[in-house]
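Listed here are the chains, written in short residue letters.
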Amino acid sequence: MSYDLVVIGTGPGGYVCAIRAAQLGLRTAVVEKRATHGGTCLNVGCIPSKALLHASEAFEEANKHFADLGIDVGTPKLDLKKMMSFKSEGVAGNTKGVEFLLKKNKVETFHGTGRIAGAGRVEVLSEDGGNHMLETKAIVIATGSDVANLPGITVDEKVVVSSTGALELDRVPKKLLVIGAGVIGLELGSVWRRLGAEVTVVEYLDRILPGMDGEVGKQFQRILGKQGMEFKLSTKVTGVEVGKKGASVTVEPAAGGEAQALQADVVLVCIGRVPYTEGLGLENAGVQKDDKGRILVDSHFATNVTGIYAIGDVIAGPMLAHKAEDEGVAVAEILAGQSGHVNYEVIPNVVYTFPEVASVGRTEEELTKAGIAYNAGKFPFTANGRAKANGTTDGFVKVLADAQTDRVLGVHIVGADAGNLIAEVAVAMEFGASSEDIARTCHAHPTLTEAVKEAALAVSKRAIHV
């Protein structure tokens, strides 16, 4: 069995890479260890978590806000089993969709564990013991990432759970303790808080959402606090003891100090993710990795071994599905003799809580550290007509533009539908737009997008509605 390309892993990066390669005329095969395609994202990550975020948000709306709109539905009752079925239907629909797309594009599929057996050779070992040896001109590693473990703490997916286990709880915990105030912890913490859990988030650093804009983090923490989420920042977890009635979590100040015990029915460990390269045979193949376990690649996604490439979470950069997709397209086009490219300055990042948080480009902290002079324009949703009419006035839009050229360097949004609002500025930044370009573009009224225009106007201190 000989191919132009074999892709190991069919998450967003892998399956998109395979489809694009097939479109370009390359004979392509994929290797997937799961029974279903889609990787972590579709099976136990992006898709199921967004289904539960959507369902839990609807539950909270009905429970707390419908009456304000003149809608009397009484007290809504939670059917968690039905909600989990809703989530599973969404997962199944997406994974089957990927299977259909691979077949449509004539990509051959092998289910099993893939291992690089040498130059241009991928061995596939299936669960039933079957073995296939695939010959190929090029190999793309797209095996994604796995949850990072906290030393000394055992995840049993019952009392102490990872993000995977948090998507499968069969009851709403009375008390949920989340270790880590990053995107995943805040999203899953939001799901279970809406459904009735008391949520406490413990974070080693002195802020939530590390790496995102500092002002965004501070305001978003206040919003989540008003919703009922409790935060213990600059705090480290030193132990988790599981008992018959849940867990006792020992914490102490990150800088050192007196320890205390926090009780929880469920402990969710969300301290990040690590590249998944186990069993790939990278060492025998001679593929180099960095000190964080990421595969080293050049600007064309090529490793140090001829014919072996890598994309997505196994290489440096943000661990985001859409980043992996763009890299998958780029490497497929490069292998087909075209000029594939990814602009890493314009990779949006979204937190799908309510309100949402979205950002693209540089933060104020990054610009200051780099010594880049900039102007900032900010506009609050309290001054946006549609937000006031909808009762969704939390948050703001902030535009950062180069002080000399006015080119947009970063945009940060906290607010309803921020994940969709960020797309406008991502397109603008991709084409090198200035804040003046956005400010001069006519935006429909009344929409939340007008807040983006007003923030762009505010860069030159001429916002109209504030």
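The structure displayed is predicted, hence computed values, not measured ones.

Caption draft 1: The sheet that holds strand 9 (residues 175–179), seen in detail. Taken in spatial order, the five strands of this open sheet run 8-15-9-10-11, and their pairing is parallel. Pairing within the sheet leaves two strands with one partner each, and these edge strands are strand 8 (160–161) and strand 11 (230–232). The pairing of strand 9 with strand 10 (residues 198–202) spans five bridges and is classified as parallel. Its bridge partner being in strand 10, Val-178 is matched across the sheet by Val-201.

Caption draft 2: How the structure looks around the UniProt feature "domain: Pyridine nucleotide-disulphide oxidoreductase dimerisation" (unreviewed entry) in the protein chain. Under the UniProt annotation, "domain: Pyridine nucleotide-disulphide oxidoreductase dimerisation" (unreviewed entry) lies at residues 347–456. Helix makes up 35% of residues 347–456 and strand 28%, whereas the separation of the span's terminal C-alpha atoms amounts to 20 Å.

Caption draft 3: Structural view of the packing of aromatic side chains. Following the criterion strictly, the structure yields one aromatic pair and no others. With a centroid separation of 6.3 Å and an interplanar angle of 80 degrees, the aromatic rings of Tyr-3 and Phe-110 are classed as edge-to-face. In this pair, Tyr-3 is assigned in strand 1 (residues 2–8) and Phe-110 in strand 3 (residues 108–111), connecting sequence segments 107 residues apart. Owing to a relative accessible area of 9%, Phe-110 belongs among the buried residues under this scheme. Positioned above the aromatic ring of Tyr-276 is the side chain of Lys-33, whose terminal nitrogen or guanidinium carbon lies 3.8 Å from the ring centre.

Caption draft 4: Representation of helix 1 (residues 12–23) within the structure. With 12 residues, helix 1 ought to run about 16 Å at 1.5 Å a step, and its terminal C-alpha atoms sit 16 Å apart, in line with that. The buried fraction of helix 1 amounts to 10 of the 12 residues, a majority that puts the element mostly inside the structure. Along helix 1, the residues classified as buried are Pro-12, Gly-13, Gly-14, Tyr-15, Val-16, Cys-17, Ala-18, Ile-19, Ala-21 and Ala-22. Among the structural elements, strand 1, strand 2 (28–32), helix 2 (39–44), helix 4 (80–104), strand 6 (131–141) and helix 9 (321–335) are those in contact with the buried residues of helix 1. Positioned one or two residues after helix 1, Gly-25 has a phi angle of 95 degrees, which is positive.

Parameters at a glance
Residues numbered from 1 in each chain as written. Predicted model: local features only at pLDDT ≥ 70, side-chain atom pairs only at ≥ 80, totals over all residues. Heavy atoms only, no water. Pairing = 2+ DSSP bridges. Helix = DSSP H or I, 4+ residues; strand = E, 2+ residues; numbered from the N terminus. UniProt positions renumbered as here; feature names shortened; annotations may be inferred. Phe/Tyr/Trp six-rings, centres within 6.5 Å; stacked < 30°, edge-to-face > 60°. Buried < 20%, exposed > 50% of the residue type's maximum accessible area, 1.4 Å probe, protein only. Lys NZ or Arg CZ within 6 Å of the ring centre and 35° of its normal. Expected span 1.5 Å × (residues − 1). Contact = heavy atoms within 4.5 Å.

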